[in-house]
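Spelled out from the first residue to the last, the chains are:
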Amino acid sequence: MAGGRGTRISTLYNNIPKPMIKLNGKPIIEYQIENFKKFGLNEFIITVGPMGEQIVDYFGDGSKYNVMIEYYIEKQPLGTAGALFCLKDKLTNDFFVLNGDLLFDIDIFSFLQFHLQNDGYATVLSHSNDHPYDSSIIQSDQTGLVVNWLYKGMQHNWYKNQVNAGI
């Protein structure tokens, strides 16, 4: 998902989408593609919004990275993962959804295996952090089943340190 406006970082980068911010000369989203590719996953649908043409122009159809990339262009903001509804006919098998501005190095197959073993409808990667006040907080039961999702900015008094990692 690379369709956000990037409002919090716009004071530093107001002319590029967050996934295109370069680290060591490479856009963040390129690191994501590389991580999935090393596990043999090479088909991507990237949802883009404001300034999304920069992502399309940079990656094209993905052939120069030995992957296949399609794009879903949000003409109007659909909210976090809102484009999934528009893509429901294309997404017929299990798939990964992630925020386009994440840096991560996880074993994708272990994550998928956990999802399949637990017969999950959806599996959310979570982590602890030291600033739960500006993150979506996840409440889960003792088995790991999500029982409540407190969106960032909501008033709540529950601060167990388990937040959505965006995968």
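Quick notes on the rules
Residues numbered from 1 in each chain as written. Predicted model: local features only at pLDDT ≥ 70, side-chain atom pairs only at ≥ 80, totals over all residues. Heavy atoms only, no water. Core = buried A, V, L, I, M, F, W, Y, C linked by side-chain atoms within 4.5 Å. Buried < 20%, exposed > 50% of the residue type's maximum accessible area, 1.4 Å probe, protein only. Helix = DSSP H or I, 4+ residues; strand = E, 2+ residues; numbered from the N terminus. Contact = heavy atoms within 4.5 Å. Polar contact = N/O pair within 3.5 Å; in protein donor to acceptor, adjacent residues only side chain to side chain. Phe/Tyr/Trp six-rings, centres within 6.5 Å; stacked < 30°, edge-to-face > 60°. Lys NZ or Arg CZ within 6 Å of the ring centre and 35° of its normal.

**A look at the nonpolar core**
Phase 1: If you look at the biggest cluster of nonpolar residues, it comprises 19 residues, and the most contacted ones within it are F59, I69 and F104.
Phase 2: Elements with a minimum of two residues in this core: helix 1 (28-37), strand 3 (43-48), helix 2 (53-59) and helix 4 (108-117).
Phase 3: Here I69 is in contact with I33, F44, I46, F59, G60, D61 and G62, once residues within four sequence places are set aside.

**Digging into the side chain of Q162**
Phase 1: As for its placement among the helices and strands, Q162 is situated in the loop between strand 7 (146-150) and strand 8 (163-164).
Phase 2: You can call Q162 buried: its relative accessible area is 16%.
Phase 3: For Q162, the side chain forms a polar contact with the side chain of S126, separated by 3.3 Å.
Phase 4: The residues contacting Q162, other than those within four sequence positions of it, are S126, H127, S136, I137, I138 and S140.

**Concerning the packing of aromatic side chains**
Phase 1: Under the counting rule described, the total for this entry stands at 8 aromatic pairs.
Phase 2: Pairing Y58 with Y65 gives two aromatic rings, centres 6.4 Å apart and planes at 25 degrees, and the pair type is stacked.
Phase 3: In this arrangement the basic side chain of K64 is found over the ring face of Y58, its NZ or CZ atom lying 5.5 Å from the centre.

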